[in-house]
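Chain residues, written in single-letter form:
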Amino acid sequence: MGNGQWFPAEWPERIRALAEGTLTPVTPRRAATVMLVKDSEAGPVVHMLRRRASMAFAGGAYAYPGGGVDPRDDEHQIRWAGPTRAWWAQRLGVDETSAQAVVCAAVRETYEEAGVLLAGPSPDTVVGDTTGDDWEADRAALVARDLSFAEFLDRRGLVLRSDLLGAWARWITPEFESRRYDTWFFVAVLPEGQRTRNASTEADRTVWIRPADAAAGYDKGELLMMPPTIATLRGIVEYGRAADALAAAPARDLTPVLAKARLEEGEVVLSWPGHDEFTKHIPTGGASA
């Protein structure tokens, strides 16, 4: 493999099974992931984590904090700042309750995996240090799903700052994957006074890295990434300040990207519409090209 595109060994077999009609696609789960960015002397940098090699899904790949939506966050009305739920519903292409849950997932996962909380005691503030024992106890309860994010915000008297997030892209895991997610990618600027830490049990390292440097590492085959990760990285390379990337988010196209697999002249062709660099030609014997 010339670059760092993540490509599981079992994909060719599953792709052929899907093409032959012997594999039934799994319904994708809703999910959210967040590109945290901040300014540095060398320009904007993005927070990335490396998934442990032992992980069943994308082990060893670099990614952003993210995870599945908690259904408990659909209905519970929380304190909310920024664009309305109706605005977010239109932006994300879902109903209002789902919009709240997806935004909650983005904020919750950023807190769970990076220790950064996009919420505050009022609509125009954010919390400061979240590293105390009481904060850690709440974070652990969120990770264990003993506590919903809506309950956490209520307990703390916090307002979710949806205005600190920008929806950037939407990718749906290919139909032949056994674990499927309908994932919204967001961008957010690291709030002043907060700092990241590796709070995830799924990651063995975290880095702040210039998007261009991360993309170069991928191109050289040094950094392993899934297509959505490198695609979103390439999308933020052009911005000279972290705030510029956030300001650009509302104009981004959120048409879902879903990989397509087809049989063609003795091989399986795997492609992502609009992203030709990820196209794979897989001989029917199983080896990838």
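This report concerns the structure included in the present document. Keep in mind the model is a prediction, meaning the values are calculated, not measured.

Before going further, it helps to examine the overall build of the protein chain. Scanning the protein chain from N- to C-terminus turns up eight helices and 14 strands. Against the compact-globule benchmark of 19 Å for 289 residues, the protein chain has a radius of gyration of 19 Å, which places it among compact chains. Oriented by its inertia axes, the alpha-carbon framework of the protein chain measures out at about 60 × 45 × 35 Å. Per-residue burial for the protein chain yields a buried fraction of 53% across its 289 residues. Within the protein chain, counting contacts between residues at least 6 apart in sequence, those at least 24 apart form 70% of the total. Counting only carbon and sulfur atoms, one obtains 48% of the accessible surface of the protein chain, whose full area is about 12500 Å². The average position of the 32 basic charges and that of the 41 acidic charges among the side chains of the protein chain differ by 2 Å.

If you walk across this open sheet you meet the three strands as S5-S7-S6, and the pairing is mixed. Taken across any chain shown, the strands that pair with only one partner, and hence form the sheet edges, are strand S5 (80–81) and strand S6 (119–120). In this sheet, strand S7 (residues 159–161) lies alongside S5 in parallel orientation, the contact comprising two bridges. Bridging from a neighbouring strand, Trp-80 pairs with Leu-160 of S7.

Quick look at the nonpolar core now. Leu-92, Leu-117, Phe-152, Leu-165 and Phe-186 are the most contacted members of the largest nonpolar core, which has 42 residues in total. For this core, the elements supplying multiple residues, two or more each, are strand S1 (29–40), helix H2 (85–92), helix H3 (96–114), helix H4 (133–143), helix H5 (149–156), strand S8 (165–172) and strand S9 (181–189). Of the residues forming this core, the biggest block, ten residues, is contributed by H3. When residues no more than four places from it in sequence are discounted, the contact partners of Leu-165 are Val-34, Trp-88, Val-103, Ala-106, Val-107, Leu-118, Phe-186, Val-187, Ala-188 and Leu-246.

Once that is clear, we can look at the pattern of salt bridges. Tallied over the entire structure, the rule returns 17 salt bridges. We note a salt bridge from Arg-155 to Asp-138, for which the minimum N-O separation is 2.9 Å. In this pair, Arg-155 sits in helix H5 while Asp-138 sits in helix H4, placing the two residues 17 residues apart along the sequence. A residue is classified by how much of its surface remains accessible, and Arg-155, at 55% relative accessible area, is exposed. The exposure class of Asp-138 is buried, given its relative accessible area of 8%. Among the charged side chains, a salt-bridge network with shared partners connects Asp-73, Arg-108, Glu-109, Glu-112 and Arg-145.

Let us look at the pairing of strand S14 (residues 275–283). Strand direction decides the pairing type here: strand S13 (residues 267–272) and S14, joined by five bridges, are antiparallel. Bridging from a neighbouring strand, Glu-267 pairs with Pro-283 of S14. Connecting the antiparallel pair S13 and S14 is a turn made up of two residues, with Gly-274 showing a positive phi of about 85 degrees.

Before going further, it helps to examine helix H1 (residues 11–20). Residue pairs three or four apart in sequence face the same way in an α-helix, which turns once every 3.6 residues. Of the positions making up H1, those classed as buried are Trp-11, Pro-12, Ile-15, Arg-16 and Ala-17. Buried residues along H1 sit against strand S12 (260–264), S13 and S14. Phi turns positive, to about 85 degrees, at Gly-21, one or two residues after H1.

As a further point, take the side chain of Arg-170. Locating Arg-170 in the fold gives a position in strand S8. A polar contact of 3.5 Å, which involves the side chain of Arg-170, links it to the backbone oxygen of Leu-92.

Once that is clear, we can look at unusual backbone geometry. Here the phi dihedral of Arg-145 falls at roughly 65 degrees; this positive angle occurs in a residue that is not glycine. Tracing the backbone through its elements, the reader meets Arg-145 in the loop between H4 and H5. Arg-145 sits in the partly exposed class, given a relative accessible area of 31%.

Reading the values: the criteria
- Residues numbered from 1 in each chain as written.
- Predicted model: local features only at pLDDT ≥ 70, side-chain atom pairs only at ≥ 80, totals over all residues.
- Heavy atoms only, no water.
- Helix = DSSP H or I, 4+ residues; strand = E, 2+ residues; numbered from the N terminus.
- Rg over C-alpha atoms; globule rule 2.2 N^0.38 Å.
- Buried < 20%, exposed > 50% of the residue type's maximum accessible area, 1.4 Å probe, protein only.
- Contact = heavy atoms within 4.5 Å.
- Areas by Shrake-Rupley, 256 points an atom, 1.4 Å probe, with all protein chains shown as cover.
- Lys, Arg positive; Asp, Glu negative; His and termini not counted.
- Charge placed at Lys NZ, Arg CZ, Asp CG, Glu CD.
- Pairing = 2+ DSSP bridges.
- Core = buried A, V, L, I, M, F, W, Y, C linked by side-chain atoms within 4.5 Å.
- Salt bridge = Lys/Arg side-chain N within 4 Å of Asp/Glu carboxyl O.
- Polar contact = N/O pair within 3.5 Å; in protein donor to acceptor, adjacent residues only side chain to side chain.

Shape is all these values report; function is a separate question.
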